[in-house]
Amino acid sequence: EKRCGGKAQSVYTDTMIGTQTMADKIASATIVTDEDGYPVPSLCAIPDGWAWLGTGSERHAFLGPDGVVYKRTLNEPGAKYSNSREHHNYLTRGADLPANVRFAHCELYFSGDVDVLAMEYVHGVGDNEVACHKGWVDLIIQGWGDIHEYNLGVDGDTLVMIDYAR
């Protein structure tokens with residue numbers, strides 16, 4: 001089941017990102033975490049072909065075999081709606097971004113009571129090149145939330161936000 005009025009319409013793309021089938025696979029994966037919230041690979045049952053990319057304060061990020069990033073919320077208070085917030089921002093706040101900055105394209109899927117955000121894979125996340133981009137300063141000046149090199153990537157001359165739930 002897909003929510004938010006069916007196919008996401010945005011100023012960016014009419015191409016669907018991810019699939020319900022892939023979202024279902026990562027939603028049903030068993031993810032056991034340590035006391036810091038990071039997955040313990042020997043105790044996790046992540047589907048073959050998937051890779052864990054990282055864990056933030058509210059979500060795990062996995063790279064699916066289709067080359068799409070899938071974000072799954074943590075079982076933490078306040079984390080439940082982070083994917084919905086991010087998708088809402090994608091649909092409604094793109095015009096608020098500085099020049100040469102965009103959101104990574106995404107789609108929101110639901111699998112039972114787990115929501116999964118499928119997002120385009122963006123290169124350059126965590127690279128020094130990101131910190132040198134003029135858009136970085138513009139985002140901070142405009143008061144955009146969690147801005148650091150691990151939440152930003154690059155697409156040519158464009159800075160791409162991969163975490164914009166706040």
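A brief look at the structure comes next. This one's a predicted model, so the numbers in the text were calculated from it and none came from an experiment.

**Remarks on the sheet that holds strand S3 (residues 68-73)**
If you walk across this open sheet you meet the five strands as S1-S2-S3-S6-S5, and the pairing is antiparallel. The two strands at the open ends of the sheet, each matched to only one other strand, are strand S1 (51-55) and strand S5 (106-111). The mean angle between the axes of side-by-side strands here comes to 25°, regardless of whether they run parallel or antiparallel. Both S1 and strand S2 (residues 59-63) contribute to a ladder of four bridges, which runs antiparallel. What sits directly across from Thr55, in S2, is His60. Across the face of the sheet, helix H1 (residues 20-27) comes into contact with S2, S3, S5 and strand S6 (114-120) while running at roughly 60° to S5.

**Structural notes on the pairing of S3**
Working note: regular strand, side chains alternate between the two faces of the sheet. Summarising burial for S3: six of the six residues are buried, a large majority. Of the two faces of S3, the one carrying Val68, Tyr70 and Arg72 and the one carrying Val69, Lys71 and Thr73 are both buried. Across five bridges, S2 lies against S3 in antiparallel orientation. When the bridges of S3 are listed, Ala61 appears paired with Lys71. Between S2 and S3, which follow one another and run antiparallel, lie four residues, and Gly67 among them has a positive phi close to 85°. Here five bridges tie S3 to S6, and the two strands are oriented antiparallel to one another.

**Description of the packing of aromatic side chains**
By the definition in use, this model includes three aromatic pairs. Both rings, one in Phe103 and one in Tyr164, keep their centres 4.0 Å apart while their planes meet at 25°; by these two values the pair is stacked. One end of the pair, Phe103, is in strand S4 (residues 101-103); the other, Tyr164, is in the segment after strand S8 (158-161), with 61 residues separating them in the sequence. Through pairs of rings, three or more aromatic residues link up here, namely Phe103, Trp144 and Tyr164.

**Digging into the pairing of S6**
The buried fraction of S6 is high, at seven of seven residues. Where burial is concerned, the two faces of S6 agree: the one with Val114, Val116, Ala118 and Glu120 and the one with Asp115, Leu117 and Met119 are both buried. Summarising the sheet, S5 and S6 pair through six bridges and their orientation is antiparallel. Each bridged residue has a counterpart across the sheet, and for Tyr109 the counterpart in S6 is Val116. Following S5, the chain reverses through two residues before pairing antiparallel with S6; Gly112 in that reversal takes a positive phi of roughly 65°.

Criteria and cut-off values
- Residues numbered from 1 in each chain as written.
- Predicted model: local features only at pLDDT ≥ 70, side-chain atom pairs only at ≥ 80, totals over all residues.
- Heavy atoms only, no water.
- Pairing = 2+ DSSP bridges.
- Helix = DSSP H or I, 4+ residues; strand = E, 2+ residues; numbered from the N terminus.
- Axes fitted to C-alpha atoms, helices over the stretch in contact; angles between N-to-C directions.
- Contact = heavy atoms within 4.5 Å.
- Buried < 20%, exposed > 50% of the residue type's maximum accessible area, 1.4 Å probe, protein only.
- Phe/Tyr/Trp six-rings, centres within 6.5 Å; stacked < 30°, edge-to-face > 60°.

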